[in-house]
Amino acid sequence: MTLQNFFEYIDQHKGDCIKRLAEIVAIPSVSAEVGKREDVIRMGVWIKTELERLGAETKRVDPGMQTIDGQEIPYPPVILGSLGNDPNKKTVLVYGHYDVQPALQADGWSTDPFTLTEKDGRLYGRGSTDDKGPVLGWFLMIDAHQKLGLELPVNIKLCFEGMEESGSEGLDEVIEQEAGGWFKDVDCVCISDNYWLGRNKPCLTYGLRGVSYFRIVVTGPGADLHSGVFGGAVHEPMTDLVHLMSKLVTPQGRILIPGLMDEVAALTEEEKATYETLDFSVEDLQSSIGAKNNIHQDVPSILMARWRYPSLSLHGIEGAFYSPGQKTVIPAKVSGKFSIRTVPHMTVDKVTELVCEYVKKEFSKLGSKNQLLVECMHAGRPWMSSPNHWNYVAGAQAVKKVFGVEPDLTREGCSIPVTLTFQEVLNKNVLLLPVGACDDGAHSINEKLNVTNYIEGIKLLGAYCHELATVEKTD
Ligand code: BES
Ligand code: ZN
């Protein structure tokens, strides 16, 4: 039995692999919605049962209770697994998340988001690419090895959470607790929860931006008011808030908070050169965003804007009137939400300090008698790994085996909060090994995973384990 037999097995069982994915896409494990928490927990139980079916030792850790909108609900469980404990083999820790982003057909999905639908070689469904497809990929890879009687060349530890899309709350504590326990023998970490840079070429990813999430709350009248009766006579919270939010970033994406850009690491010639050789085009970007409204016109500027410079996005206003029709209301209290994607060498404390100071100063210029609150609700730091590490060498060799090409080395603009925790708490190298393509539409409507990305991705995860076994461990 060889790796080649494993590849053939996956090809022959393509239909089954898709069926299994349909089974879990049907569980609407949306972590952000209180009403779906039961489904998230059900998905966690599915993961645990499946691991046990594969013969893994498992452990369910319940991180306690969460309070949302005054309601107490349990956090979804963290499911730990362990397969093999041969001291002569390396041990890889695999992480993934089983929760998904919210999805409503009314948002513009062409198909029911929780019914996996195959069309033109694409598998549409919420979580297909983020992150149920890749998570299931690990299971199917292990299952194929067992069915074939092909020995797994590494010990595998697994860690799956159900709160990633909501900031991975509760997970850091579990990792800290288990560092000397469940994760004791881990040699390296692999996460498959991001995407290829373009549509055709695989990559390995060694950097992520952090994210600091803020809200500005403006409170005024004791209750919502009639604009006909009181308009013109009161300071309106919404007017103050919109004014403040307009002072954060320009339509060209320039952040207006003084001092923020001073924290950003300088661009070296060496780093600059890395943007020249990547398999990416302006059209790839346009295909991912479904429009041509890109700010930058050349590839290096686009990628630098996404990977190595901070960005500030305005997300929404809670308390604002947003229904159809015309309601002549003056909202009494509104909260504006925005976030800043952070990069080396920005620090969480400095970013919070600069933002709060600036917003307060701008508010004081308004001469408003309303009350202001500005706060950071959640912050995760940026992450960088060393792409020369043997873990990356194994990843690159696996890509070569499956796709016949050298992978691009990429960074990402997004965040996976746990990446940094694994690196710092376990002190092990973390490899991001993506399965999906750049136009998969994670978090968006019509999220999909290409059948080829899925099937070749399962092969990739297997090939990676085999390469890990033979690569020289130099730390
Ligand atoms: N899978 C994404 C992260 C991702 C997306 C990495 C695209 C690389 C490319 C993950 O599920 C995610 O969306 N994370 C959140 C984390 C946040 C809630 C702290 C994000 O980046 O918004
Ligand atoms: Zn994800």
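Refer to the structure printed above.
Let me sum up the structure you'll find in this document. Given the structure is predicted, the values throughout are model-derived calculations rather than measurements.

## Observations regarding the overall build of the chain
Alright, step 1. In terms of helices and strands, the chain carries 14 helices and 20 strands.
Alright, step 2. Its C-alpha atoms give the chain a radius of gyration of 24 Å, near enough to 23 Å, the size a compact globule of 475 residues would have.
Alright, step 3. Along the first, second and third principal axes, the C-alpha set of the chain runs to 80 × 50 × 45 Å.
Alright, step 4. Relative to its full complement of 475 residues, the chain shows a buried share of 54%.
Alright, step 5. Taking as baseline every contact in the chain between residues at least 6 positions apart, the subset at least 24 positions apart corresponds to 81%.
Alright, step 6. When the accessible surface of the chain is summed, it comes to about 20,700 Å², and 49% of that surface belongs to carbon and sulfur atoms.
Alright, step 7. Looking at the chain, you have 46 positive and 64 negative side-chain charges, and the mean spots of the two groups are 2 Å apart.

## Digging into the packing of aromatic side chains
Alright, step 1. Enumeration according to the criterion identifies eight aromatic pairs in this entry.
Alright, step 2. Centre to centre, the rings of Trp-196 and Phe-403 are 5.5 Å apart; their planes meet at 80°, and the pair counts as edge-to-face. Separated by 207 residues along the polypeptide, Trp-196 in the loop between strand E9 (188–191) and strand E10 (203–208) and Phe-403 in helix H12 (residues 390–403) bring together distant segments of the chain.
Alright, step 3. When its relative accessible area of 6% is taken as the criterion, Trp-196 is described as buried.
Alright, step 4. Ring geometry for Tyr-275 versus Trp-307: centroids 5.9 Å apart, planes at 40°, classification tilted. Here Trp-307 lies in helix H10 (residues 299–307) and Tyr-275 lies in the loop between helix H8 (269–274) and helix H9 (282–289), a separation of 32 residues in the sequence.
Alright, step 5. The class of Tyr-275 is buried, set by a relative accessible area of 2%.

## A word on the site of ligand 1
Alright, step 1. Close to ligand 1 lie 17 residues, the nearest being Glu-164, Asp-193, Arg-341, Ser-415 and His-443.
Alright, step 2. Within the side chain of His-97, an N or O atom sits 3.3 Å from an oxygen atom of ligand 1.
Alright, step 3. Measuring from a nitrogen atom of ligand 1, one finds a side-chain N or O atom of Asp-130 at 3.2 Å.
Alright, step 4. About the coverage of ligand 1: the protein hides 89% of its 520 Å² of free accessible area.
Alright, step 5. Counted by class, the shell around ligand 1 contains five nonpolar, six polar and six charged residues.

## Some points on the packing of helix H1 (residues 3–12) against helix H4 (residues 128–148)
Alright, step 1. Packing of H1 against H4 brings their axes to within 10 Å, and their N-to-C directions diverge by 115°. The angle between H1 and H4 falls in the class roughly perpendicular. Two packed elements cross with a definite hand, and for H1 against H4 that hand is right-handed. Packed against H1, whose contacting residues are Asn-5, Phe-6, Tyr-9 and Ile-10, the element H4 presents Leu-140, Met-141, Ala-144, His-145, Lys-147 and Leu-148 at the interface.

## Some words on empty space enclosed by the protein
Alright, step 1. With the rule as written, the count across this model stands at one cavity of 30 Å³ or more.
Alright, step 2. Taken as a whole, the largest cavity encloses approximately 70 Å³ of empty space.
Alright, step 3. Arg-209, Gly-210, Val-211, His-378, Gly-380, Arg-381, Trp-383, Ser-415, Ile-416, Pro-417, Thr-419 and Leu-420 are the residues that line the largest cavity.
Alright, step 4. Elements represented by at least two residues in the lining of the largest cavity include exactly strand E11 (210–219), strand E16 (371–380) and helix H13 (418–426).
Alright, step 5. Residue composition of the lining of the largest cavity, by class: five nonpolar, five polar and two charged.

## Notes on the coordination of the zinc ion (ligand 2)
Alright, step 1. Taken together, the protein ligands of the zinc ion (ligand 2) are His-97 (NE2), Asp-130 (OD) and Asp-193 (OD), with distances of 1.8 to 2.2 Å.
Alright, step 2. As a motif over one chain, the donors of the zinc ion (ligand 2) read H-x32-D-x62-D. Highlighted residues: Asp-130 in helix H4 and Asp-193 in the loop between E9 and E10, separated in sequence by 63 residues.

## A short note on the pattern of salt bridges
Alright, step 1. Tallied over the full model, the rule gives 29 salt bridges.
Alright, step 2. Here Lys-459 and Asp-11 are joined by a salt bridge, their closest N and O atoms 3.0 Å apart. Here Lys-459, found in helix H14 (residues 451–470), pairs with Asp-11, found in helix H1; they are 448 residues apart in sequence, far enough to count as distant.
Alright, step 3. Of the residues examined, Lys-459 reaches a relative accessible area of 6% and is grouped as buried.
Alright, step 4. We classify Asp-11 as partly exposed; its relative accessible area is 41%.

## Section: the sheet that holds strand E6 (residues 117–119)
Alright, step 1. Here three strands make up an open sheet; going across it, the order is E6-E7-E20 and the pairing antiparallel. The strands lining the two open edges of the sheet, one partner per strand, are E6 and strand E20 (448–450). On average, each strand axis in the sheet is tilted by 25° relative to the strand beside it, whichever way the strands run.
Alright, step 2. Bridging between strand E7 (residues 122–124) and E20 involves three bridges; their strand directions are antiparallel.

## Let's talk about the packing of helix H2 (residues 14–25) against H14
Alright, step 1. Running from amino to carboxyl end, H2 crosses H14 at an angle of 105°, the nearest separation of the two axes being 11 Å. In terms of axis orientation, H2 runs roughly perpendicular to H14. Contacts between H2 and H14 involve Lys-14, Cys-17, Ile-18 and Leu-21 from the first element and Val-451, Tyr-454, Ile-455 and Ile-458 from the second.
Alright, step 2. For the contact of H2 with H14, the class distribution of residues is seven nonpolar, no polar and one charged.

Calculation rules
- Residues numbered from 1 in each chain as written.
- Chains lettered and ligands numbered in written order.
- Predicted model: local features only at pLDDT ≥ 70, side-chain atom pairs only at ≥ 80, totals over all residues.
- Heavy atoms only, no water.
- Helix = DSSP H or I, 4+ residues; strand = E, 2+ residues; numbered from the N terminus.
- Rg over C-alpha atoms; globule rule 2.2 N^0.38 Å.
- Buried < 20%, exposed > 50% of the residue type's maximum accessible area, 1.4 Å probe, protein only.
- Contact = heavy atoms within 4.5 Å.
- Areas by Shrake-Rupley, 256 points an atom, 1.4 Å probe, with all protein chains shown as cover.
- Lys, Arg positive; Asp, Glu negative; His and termini not counted.
- Charge placed at Lys NZ, Arg CZ, Asp CG, Glu CD.
- Phe/Tyr/Trp six-rings, centres within 6.5 Å; stacked < 30°, edge-to-face > 60°.
- Near = heavy atom within 4 Å.
- Polar contact = N/O pair within 3.5 Å; in protein donor to acceptor, adjacent residues only side chain to side chain.
- Nonpolar A, V, L, I, M, F, W, Y, C, P; charged D, E, K, R; others polar.
- Axes fitted to C-alpha atoms, helices over the stretch in contact; angles between N-to-C directions.
- Parallel < 35°, antiparallel > 145°, perpendicular 65-115°, else oblique.
- Left-handed = near helix turned anticlockwise from the far one by under 90°.
- 1 Å grid on protein atoms, 1.4 Å probe; cavity = no way out; pocket = protein on both sides within 12 Å on 5 of 7 lines; lining within 4 Å.
- Points joined across faces, edges and corners; volume = space filled by probe spheres on them.
- Donors = N, O, S within 2.8 Å, 3.2 Å for Na, K, Ca; no water.
- Salt bridge = Lys/Arg side-chain N within 4 Å of Asp/Glu carboxyl O.
- Pairing = 2+ DSSP bridges.

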